[in-house]
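Coordinate inspection notes
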Amino acid sequence: MKKYSKLIIAAIIALIFIGTFVFLWQKSQPKEIVYNEFTPKLDSIQKTTIITGKIEPRNEVNVKPQISGIISELYKEPGDYVNTGDVIAKVKVIPDMSQLSSAEMRVRLAEINLKQAQTDFEREENLFNQKLVSADEFDKSKLTLNQAKQEKLAAEDALEVVRDGVSKSNAKASSTLIRSTISGVILDIPVKVGNSVILSNTFNDGTTIATVANMNDLIFRGNIDETEVGRLVIGMPLKITIGALQDISFNAALEYISPKATESNGANQFEIKAAVKLTDGGKIRSGYSANAEIVLAHADNILTVPESAIEFSGDTTFVYVLTDSVDKKEYKRTEVTTGLSDGVNIEIKKGISTKDKVRGPEIITDDNENK
């Protein structure tokens, strides 16, 4: 009985050894390489590029005061729509002491001159009534009196403007009231009540009271690489997508290509602008990040194959065409002339036809991955 047990164990070990040997021998044998195969077909190809940029108003105006002072009232908020001439804020004037003194002195001098002119006129009037002076002399004294009255009014107006920023004669055109210079939406009001503001002059740009823009006239502004700018033409259509507005796109028309490049991260970029055609689908806000898709070139009804089937060798391109063979699949290296590519498919101008089958990349299996 023990003898049979030993034989059985020996037979099992022998079978295991033989099975292992056969398995390893089979694994060591080279596997046939299998490739994807493509049939050239007639299709359309278009080469597009994506340009990153942002949406902004074509005209954005900074409203600034005509006088220096302190913001006493704000009548509008960001997001409000204003028409040309609407009051946005009111400025309380802090008069300059030297200007105030000069204006007060001018008023006092005007009062003195008026008093003297009044006295002279009354004297001339009495003499004229007694026919002791000519009408010409009397008219001159009357004219002098009227000029003195006007000078006093002008001096008082000037004093009110220096002291209060507004006078009785020009209350409607008061420079203390900050008015919008265009019709549009207020994008920003960077000041608060109590802030000091200054007018624009030779040495200072002045304080911005509000930024107003026409949000019905928007443009897309972005940069395109120098390798692609040569294909752009004014008037080309663009498709604008905005990340903040899902499932909404806008059409645009290219209207500006910068004649000068700017360097960005070591690459030359050219600025472009495109007029955005608004729709009723969404409200666009100034400064939205956006992508513009533009078709650089396209071709219709052309012979195409996947670009993965192309072998590039210098300036020459090849494909491997399936040949008639009984034993196994064989491929013939064939030179082709290529054209437009969209990164996935490529145009074949010459070399093969729709009757051919072209070899593609190798089909990767688990066995191939384990080798």
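Please refer to the structure higher up on the page.
Sequence order as written defines the numbering, with residues in each chain counted from 1. It should be noted that, the model being predicted, local features are given only for residues of pLDDT at least 70 and side-chain atom pairs only at 80 or more, the latter also being counted only at that level, while totals for whole chains, interfaces and linings use all residues. By convention in this description, side-chain values take in all heavy atoms of the structure and omit both hydrogens and water.

1. Quick word on the overall build of the protein chain
Going by this rule: To qualify as a helix, a DSSP run of H or I must reach at least 4 residues; to qualify as a strand, a run of E must reach at least 2; elements of each kind are numbered from the N terminus. To sort residues, take the accessible area from a 1.4 Å probe on protein chains only and compare it with the maximum for the residue type: under 20% means buried, over 50% means exposed, and anything in between is partly exposed. Every accessible area reported is derived by Shrake-Rupley at a probe size of 1.4 Å, with residue values counting cover from the shown protein chains alone.
For the protein chain, the count of helices and strands is five helices and 21 strands. Across the 371 residues that make up the protein chain, the buried fraction comes to 29%. Of the roughly 24200 Å² of accessible surface on the protein chain, a fraction of 51% belongs to carbon and sulfur atoms.

2. Structural notes on the pairing of strand β20 (residues 345–350)
Under the convention used in this document: Pairing between two strands requires that DSSP report at least two bridges joining them.
Looking at chain direction, strand β16 (residues 289–306) and β20 are connected through three bridges and run antiparallel. Among the inter-strand pairings, Pro-306 is bridged to a residue of β20, identified as Asn-345. Pairing of strand β19 (residues 330–341) with β20, which is carried by three bridges, proceeds in the antiparallel orientation. Bridge pairing in β20 places Ser-341 opposite Ile-346. Linking β19 back to β20 in an antiparallel pair, the connection comprises three residues, with Gly-343 at a positive phi of about 95°.

3. What to know about a nonpolar patch on the surface
Rule in force here: Patch definition: residues above 30% relative accessible area lacking any salt bridge, with like charges linked at up to 9 Å and the nonpolar side chains Val, Leu, Ile, Met, Phe, Trp and Tyr linked at up to 5 Å. When a carboxyl oxygen of Asp or Glu is within 4 Å of a side-chain nitrogen of Lys or Arg, the pair counts as a salt bridge.
A surface patch of nonpolar side chains, about 300 Å² in accessible area, is lined by Ile-8, Ile-12 and Ile-16. Within the fold, Ile-16 resides in helix α1 (residues 2–28).

4. Let's talk about the sheet that holds strand β8 (residues 184–188)
One open sheet accounts for four strands, arranged β3-β10-β8-β5; its pairing is antiparallel. Each edge of the open sheet is held by one strand with a lone partner, namely β3 (60–63) and β5 (81–82).

5. Examining the nonpolar core
To keep things clear, this is the line we draw: The definition of a nonpolar core used throughout is a set of buried Ala, Val, Leu, Ile, Met, Phe, Trp, Tyr and Cys residues joined through side-chain atoms within 4.5 Å. For this analysis, residues touch if any pair of their heavy atoms sits within 4.5 Å.
In terms of nonpolar packing, the biggest core is built from 27 residues, with Ile-55, Phe-220, Leu-232, Leu-238, Ile-240 and Ile-242 touching the most fellow members. Elements with a minimum of two residues in this core: β2 (41–57), β11 (218–225), β12 (237–242), β13 (249–257), β15 (267–277) and β16. Beyond its immediate sequence surroundings of up to four residues, Ile-240 is in contact with Ile-55, Phe-220, Ile-248, Ser-249, Phe-250, Ala-252, Ala-290, Asn-291 and Ala-292. Grouped together as the second largest cluster of nonpolar side chains are 16 residues, Val-63, Ile-67, Val-93 and Val-212 included.

6. Side note on unusual backbone geometry
Unusually for a residue other than glycine, Asn-265 sits at a positive phi of about 55°. Of note, Asn-265 is situated in the loop between β14 (262–264) and β15. Residues other than glycine seldom take positive phi values, yet Asn-301 does so here, at roughly 55°. Checked against the element boundaries, Asn-301 lands in strand β16.

7. Points about the packing of aromatic side chains
Here is the rule: Centres within 6.5 Å make a pair out of two Phe, Tyr or Trp rings, where for Trp the six-membered ring is used; the pair is then stacked when the planes are under 30 degrees apart, edge-to-face when over 60, and tilted otherwise. For a lysine, the NZ atom is tested; for an arginine, the CZ atom; a charge sits over a ring if that atom is within 6 Å of the ring centre and within 35 degrees of the ring normal.
The final tally for this structure, using the stated rule, is one aromatic pair. Over the aromatic face of Phe-318 sits the side chain of Arg-333, whose NZ or CZ is 3.6 Å from the ring centroid. Its guanidinium or amino end placed over the ring of Tyr-331, Arg-359 lies 5.6 Å from that ring's centre, counting from NZ or CZ.

8. Description of the environment of Thr-316
Inspection of the secondary structure assignment puts Thr-316 in strand β18 (residues 316–323). Its relative accessible area of 26% is what places Thr-316 among the partly exposed residues. On a C-alpha basis, the gap between Thr-316 and Thr-338 in space is 9.2 Å, while along the polypeptide they are 22 residues apart. Discounting chain neighbours no more than four positions away, the residues touching Thr-316 are Glu-311 and Glu-335.

9. Overview of the pattern of salt bridges
This model, assessed by the stated rule, comprises eight salt bridges. In this structure, the salt-bridge partner of Arg-58 is Glu-255, at a minimum N-O distance of 2.6 Å. Taken together, the positions of Arg-58 in the loop between β2 and β3 and Glu-255 in strand β13 put the pair 197 residues apart, joining distant regions of the chain. Residue classification places Arg-58 among the partly exposed positions, given a relative accessible area of 34%. Classification of Glu-255 as partly exposed rests on a relative accessible area of 33%. Notably, a salt bridge pairs Asp-120 with Arg-123, separated by 3.1 Å at the nearest N-O pair. Placement of both Asp-120 and Arg-123 in helix α2 (residues 97–129) is noted, with a separation of three residues, approximately one turn of the helix.

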